[in-house]
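Structural features, examined
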Amino acid sequence: MRILGISLLRLGDLILQRPLVVSLRENNPNAQIHLLINKQFSQVEFLFEGIVDRFIYFDRDLFQQSCGEPEFNIFWGLERLKDLISDLNRNCYDQVYNLTHNRLTAHIAGLIRSEKHTGIYTRSGHFFGLNNPWIQFFNSYFGKPEALGFHYTELLAKALGISLKAPQRNRQRRNTSFRVMMQPLTSDRKKNWSLEKYQALKDRIEKETPYKVVVIGAPYEEQVLVKYFSKDSLLICSLREASEHLKSADLLITGDTSIKHLAALYSTPILELALGSSLPWQVGAYADDSIILQPRVSCGPCPPSLPCSQNSQRCEEKISVEAVYGATQIVLGLSQMDWRLFAYKNSGLSVFRTRITHELGWAIESMSIDQNEQHGEFLQRKMMIVQELDRRIFLLNKGGADEQRTRELSDSGAEAP
Amino acid sequence: MTNISFTENPEGYLIPIESMQPLCDLVDPASEAEKWVTAQNLNICNEIVVLGLGAGFHVRALRENFPHLKIHVVECRDQLLPIFKKQIQSDLDCYYCFHSLEELLDSELFERTIAKSLPVYFFKKAWGAQEDLFYSLWKNLTGRSVYAIARHFANMGLEIDEKTMDSLKSSERPLTIKEATEIVIRSESTKAKEQRSYFEALRELIK
């Protein structure tokens, strides 16, 4: 049996999709699993060792260049796309999973001949697969308040009919390395906590606890980071190297980054500072016991595609070094303070803890007493939606899928924000 | 036919000048050509078209840096090749002199460029006073003219109806893959339906 997964989004999405590919492998131990990914993210291959048999690259940048750069014939991209599809079709896939859910991948999935397509695909301009109630819910509500409490990974798994195994619980971990890692910079300026504050936090952790702090960054971030941190405390490295360090770290402090999702794969304890457009209720760490601090500001979470609308970054200003240091102490077991007391003392912040249970799947638990009621409502609503959509899936499967029903797909499709 | 004059630079090279415009840097054409080559994305294909021979330094730089590249050089001024052969390189395997767009469209090079979607490069200074002609050659060789789109479509077994053809002809600007996609989407033919997803996928990439 040959299975092709199509995943043409960004690095973070690929990491978030790993549990799905792991399940595919577990359910199909003898299958050849191939993954079509953007060439620029080939660095994630190591994460799928022993899971994916072959990676096939989509050179998105070159395709995009070919549509606009003057030296290219405007049909060059068309010819190369035909070559790629022809290569893929030579593999005679039995099943194609579209893990991406946007128009581009729907067209590509439709061009690949296969006995079974899971997820959306097109034929002669018509979209298929959108009659699945979970896919409808994903496309309509992901990134919106209606889907609060549904994690990207589990929603995608539901949409594709892939069962997920709950990850390991963090509580079994023991401190061994006395090492805290920080990744201060995110891909979006409005999601960043200031470097001055990270610097002050690092100084305090190293002065008042036995822990050493390692500041992690990508090579292109080095110039900025060296202005705030000494060279020997910096770890400028590839994703692969970073993952090796994360495995043994006692804590990762970061914003909404791919490194956060990577740490979740290794059950490394995470303290997330959710600023700007971060949506911890949907793309928090897919892990048990991860802590999230989110400032309570009227403008947040802000829209992902727009710059900060305020004169100064209010959400950033609202998280103090003192608060993050306090949370760090609790996670590391250096303080016995209860999270609810911590939340009470830092009332300008929402304090959340992630949970993964067999009954509810992934959930966010609010540590703030005033948000308990709202939190309970979210959980209840999630359970009702799960029951109703699962019932509809059951009926759909019982009655046979109506492949002729097509719906409109929004421009972006459903992507992790 | 245009008048080309030559002036000798400090290194003793004859630099062609057309309507007061030198076709390369007067003082250091070799360095200028090296810079141009460095700025090009030449890893797309092992066969390319270069529009404009001009003084030829850029063609020499291309051949020196990419000896295995098959280069088709297109020029429209007969006076330039003899000087190139004399002072830069004695041979030029794939050289074409088209005095008009029609000559290009009737050529085997045009057929080959369309069939293989060959990339087309140009060193704009080499165009001199012939910018309009070179621009129309570029539009056609890169699939950006109505005629070129029609030829590409014919190779795929697709036809463009007269109404669409007329509306496209009224556009002066270079056409894009978006216009080609619109034609395919509007078409009811079986061939167009088969190709539609390829075009729509490409259109998504340029949104």
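Residues numbered from 1 in each chain as written. Chains lettered and ligands numbered in written order. Predicted model: local features only at pLDDT ≥ 70, side-chain atom pairs only at ≥ 80, totals over all residues. Heavy atoms only, no water.

Details of the overall build of chain B
Helix and strand content of chain B: ten helices and seven strands. Dimensions of chain B along its principal axes, counting C-alpha atoms only, are 65 × 35 × 30 Å. Considering chain B as a whole, with its 207 residues, one finds that 52% of them fall into the buried category. Sequence separation of at least 24 residues holds for 60% of the intrachain contacts in chain B that already meet a minimum separation of 6. Looking at chain B as shown, the accessible area adds up to about 9900 Å², and 49% of this sits on carbon and sulfur atoms. (Helix = DSSP H or I, 4+ residues; strand = E, 2+ residues; numbered from the N terminus. Buried < 20%, exposed > 50% of the residue type's maximum accessible area, 1.4 Å probe, protein only. Contact = heavy atoms within 4.5 Å. Areas by Shrake-Rupley, 256 points an atom, 1.4 Å probe, with all protein chains shown as cover.)

What about the pairing of strand S9 (residues 212-217) of chain A?
Remark: a regular strand shows side chains that alternate across the two faces of the sheet. All names here are of chain A. Among the six residues in S9, five count as buried, and that is most of the element. Here strand S8 (residues 179-183) pairs with S9 via four bridges, running parallel. Residue Met181 lies in a different strand from S9, and its bridge partner there is Val214. As for the winding sense of the linkage, the β-α-β connection from S8 through helix H7 (residues 195-208) to S9 is right-handed. Bridge analysis of S9 against strand S10 (residues 234-236) gives three bridges, and the strand direction is parallel. Residue pairing across strands places Gly217 opposite Ile236, the latter belonging to S10. (Pairing = 2+ DSSP bridges. Right-handed = clockwise from strand over helix to strand, strands pointing away.)

Things to note about the sheet that holds S9 of chain A
Residues and elements named next belong to chain A. The eight strands lie next to each other as S10-S9-S8-S11-S12-S13-S14-S15, forming an open sheet whose pairing is mixed. Only two strands of the sheet have a single partner each, and these edge strands are S10 and strand S15 (361-366). Ignoring which end each strand starts from, the neighbouring axes of this sheet average 25 degrees apart. Inspection of the sheet shows S8 paired to strand S11 (residues 251-254) by four bridges, in the parallel sense. For Gln183, the partnering residue across the bridge sits in S11 and is Thr254. Packing against the sheet, helix H9 (residues 239-248) makes contact with S8, S9, S10 and S11, and its axis sits at approximately 140 degrees to S8. (Axes fitted to C-alpha atoms, helices over the stretch in contact; angles between N-to-C directions.)

Concerning the domain arrangement of chain B
Residues and elements named next belong to chain B. Domain annotation of chain B identifies domain 1 (4-142) and domain 2 (148-205). For domain 1 versus domain 2, the separation of C-alpha centres amounts to 31 Å. Domain 1 puts ten residues into the contact, and the matching count from domain 2 is seven residues. Here domain 1 packs against domain 2, burying approximately 660 Å² in sum over the two surfaces, 52% of which is carbon and sulfur. Its largest share of buried area at the contact with domain 2, domain 1 owes to Glu111, Ile114 and Lys139, together 55% of the area lost on that side. Counting across the interface, domain 1 meets domain 2 through one salt bridge. We note a salt bridge from Glu111 to Arg151, for which the minimum N-O separation is 1.6 Å. In this assembly, domain 1 and domain 2 are joined by one residue pair in polar contact (both at pLDDT 80 or more). (Domains from an automatic or database assignment. Buried area = accessible area lost by both parts, 1.4 Å probe. Salt bridge = Lys/Arg side-chain N within 4 Å of Asp/Glu carboxyl O. Polar contact = N/O pair within 3.5 Å; in protein donor to acceptor, adjacent residues only side chain to side chain.)

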